[in-house]
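One-letter residues, chain by chain:
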Amino acid sequence: MVGNAFQGGRWGPEEVSSVFPLVLGEPFEMEVSSDAEHFHVHAQEHKVLQFAHRHRPLAAITRVQVLSDHRLAQVELARRSLSWGDGSY
C-alpha cells in the first residue's frame, strides 16, 4: 500500500506501508477515514497506512484515485460531514 499526493504538477514522496493483510484472489474490504491530521487506511480490520494530509484545506481534495493490478468488483465513496472544531481545516 502506497500513499502519495500530486501537488504542483508532480508526485510527492511515497509513504509505503509494511503491513499487507490481503491474500491474492481473495475478496477484501478497505476503508479510508480522515481526522484533522491524517488519512487512516484499514484493510481486513488491520491498520495499513497512516498518511499525513498534504493539502490544506481538506476541502481542496477533490479526487481519489484507486490503482490496482487486479479486478475490483466495487468501489464505494461516501462523504461524511466533519467538524474540525476551530474551522482552520
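Every value quoted in this text rests on a predicted model; they were computed, and no experiment measured them.

Asker: Can you explain the confidence of the model for the protein? Please cite residues and give values.
Answerer: On average, residues of the protein score 79 in pLDDT, and 87% of them reach the 70 mark or higher. Taken as a whole, residues 84–89 scores under 50 in pLDDT and shows ten contacts with residues more than four places along the chain or in a different chain.

Asker: Describe the sheet that holds strand β7 (residues 46–52), listing the residues and the values that go with them.
Answerer: Read across the open sheet, the three strands follow the order β5-β6-β7; overall the sheet is antiparallel. Edge strands, defined here as strands with exactly one partner in the open sheet, are β5 (30–34) and β7. With direction set aside, neighbouring strand axes in the sheet form an average angle of 20°. For β5 and strand β6 (residues 38–43), the ladder comprises five bridges, and the chain directions are antiparallel. Bridge pairing in β6 links S34 to F39.

Asker: Now, about the side chain of H40: what can you tell me, with residues and values included?
Answerer: By the element assignment, H40 lies in strand β6. In this structure the side chain of H40 is engaged in a polar contact, spanning 2.8 Å, whose partner is the side chain of D35. Residues in contact with H40, not counting those within four places in the same chain, are E31, V32, S33, D35, K47, L49 and Q50.

Asker: Explain the environment of G12 to me, and be specific about the residues and the numbers.
Answerer: Within the secondary structure layout, G12 lies in the loop between β3 (10–11) and β4 (15–16). Overall, the relative accessible area of 24% leaves G12 in the partly exposed class. Apart from residues no more than four positions distant in its own chain, G12 is found in contact with N4, A5 and R54.

Asker: Outline the pattern of salt bridges, supporting the account with residue identities and numerical values.
Answerer: Within the structure shown, the criterion is met by one salt bridge. When the shortest N-O distance is used, the salt bridge between E15 and R54 registers 3.2 Å. With E15 in strand β4 and R54 in the segment after β7, this pair connects stretches of sequence that are 39 residues apart.

Asker: Got a sec to walk through unusual backbone geometry? Specific residues and values, please.
Answerer: Despite not being glycine, Q44 shows a phi value in the positive range, around 50°. Among the secondary structure elements, Q44 is positioned in the loop between β6 and β7. Judged by relative accessible area, which is 35%, Q44 ranks as partly exposed. Even without a glycine there, the phi angle at E45 is positive, about 65°. Tracing the sequence through the fold places E45 in the loop between β6 and β7. The class for E45 is exposed, based on a relative accessible area of 79%.

Asker: Go over a nonpolar patch on the surface with me, naming the residues and quoting the values.
Answerer: Together, F28, M30, V32, V64, V66, L72, V75 and L77 line one region of the surface with nonpolar side chains, adding up to about 750 Å² of accessible area. Relative to the assigned elements, V32 resides in strand β5.

So, how was this worked out
- Residues numbered from 1 in each chain as written.
- Predicted model: local features only at pLDDT ≥ 70, side-chain atom pairs only at ≥ 80, totals over all residues.
- Heavy atoms only, no water.
- pLDDT = per-residue confidence, 0-100.
- Contact = heavy atoms within 4.5 Å.
- Pairing = 2+ DSSP bridges.
- Helix = DSSP H or I, 4+ residues; strand = E, 2+ residues; numbered from the N terminus.
- Axes fitted to C-alpha atoms, helices over the stretch in contact; angles between N-to-C directions.
- Polar contact = N/O pair within 3.5 Å; in protein donor to acceptor, adjacent residues only side chain to side chain.
- Buried < 20%, exposed > 50% of the residue type's maximum accessible area, 1.4 Å probe, protein only.
- Salt bridge = Lys/Arg side-chain N within 4 Å of Asp/Glu carboxyl O.
- Patch = residues over 30% accessible without salt bridge, like charges linked within 9 Å, V, L, I, M, F, W, Y side chains within 5 Å.
- Areas by Shrake-Rupley, 256 points an atom, 1.4 Å probe, with all protein chains shown as cover.

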